[in-house]
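Structure assessment
As a plain string of letters, each chain reads:
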Amino acid sequence: MSKVRLTREQSRDQTRQRLLDAAQSIFLAKGFMATSVEDIAEQAGYTRGAFYSNFGSKSELFLQLLRRDHESVMNEMRAIFEEGESRPQMEARVLEHYSTHFRQNDCFLLWTEGKLQAVRDPEFRLGFLACMRELRAAVTDYVQQFSARVGTPLRMPAEQMALGLLALSDGMQFNYAFDPQAVTPEMTEAVLAGFFRSVVFGEPTPE
């Protein structure tokens, strides 16, 4: 079978994706600061020159890596709300996504490092904040959509609820990441689900 010849654009995109994949693997293993451009290029099977043909710096690549994961999360959230469903079905889909996403969230540590890098690097901070604000705006919009679709009044402004949901999710994932024996997957899921049911669904808190 003859090889399919890639266009220049396809070849460039393939190179970028391989560099991003390599960077993600190394960043998760040893951290952003301890990783060099040479490490990334070697892991991807390219030269240092190939790296700089695609990214202006390691920080630029890191931001693109976070944006790639950000788009994936946005697509998951959009998919939940695209199909018309009954209230029980909608509640089940939203709850499952919110309370179990941490189990598949391989990029959580990258976002944690991204927050630290944003504190240290003003230029990086601009792009990072754009992603974070877009995420909060999207969650705010989905909270409002959910409330309108299922007929559950919000107990606080949607913007505050979105910030609280994201902050609690980040906090639980962080504790699960470094102390999984005490903060088990079951406990993490129970905390997230319980908070969501109480604050978003408006269910009474068990006594």
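The present account deals with the structure reproduced in this document.

The rules behind each value
- Residues numbered from 1 in each chain as written.
- Predicted model: local features only at pLDDT ≥ 70, side-chain atom pairs only at ≥ 80, totals over all residues.
- Heavy atoms only, no water.
- Salt bridge = Lys/Arg side-chain N within 4 Å of Asp/Glu carboxyl O.
- Buried < 20%, exposed > 50% of the residue type's maximum accessible area, 1.4 Å probe, protein only.
- Helix = DSSP H or I, 4+ residues; strand = E, 2+ residues; numbered from the N terminus.
- Lys, Arg positive; Asp, Glu negative; His and termini not counted.
- Phe/Tyr/Trp six-rings, centres within 6.5 Å; stacked < 30°, edge-to-face > 60°.

1. What to know about the pattern of salt bridges
For the structure shown, the criterion picks out four salt bridges. A salt bridge links D39 to K30; its shortest N-O distance comes to 3.2 Å. The exposure class assigned to D39 is partly exposed, which follows from its relative accessible area of 23%. Relative accessible area serves as the criterion here: at 43%, K30 is assigned to the partly exposed category. When the shortest N-O distance is used, the salt bridge between R48 and E38 registers 2.0 Å. Residue R48 is found in helix α3 (residues 48–54), and its partner E38 is found in helix α2 (residues 37–44); the two are separated by 10 residues along the sequence. For E38, a relative accessible area of 38% corresponds to the partly exposed category.

2. Describing the side chain of R16
Tracing the sequence through the fold places R16 in helix α1 (residues 8–30). Summary of buried charges: R16 has no salt-bridge partner, and the nearest side chain of opposite charge, E60, is 5.3 Å away.

3. Describing the packing of aromatic side chains
Tallied over the entire structure, the rule returns nine aromatic pairs. Between the aromatic rings of F27 and F62, the centroid separation amounts to 5.3 Å while the plane-to-plane angle is 75°, which identifies the pairing as edge-to-face. With F27 in helix α1 and F62 in helix α4 (residues 58–82), this residue pair connects regions lying 35 residues apart in the sequence. The exposure class of F62 is buried, given its relative accessible area of 1%.

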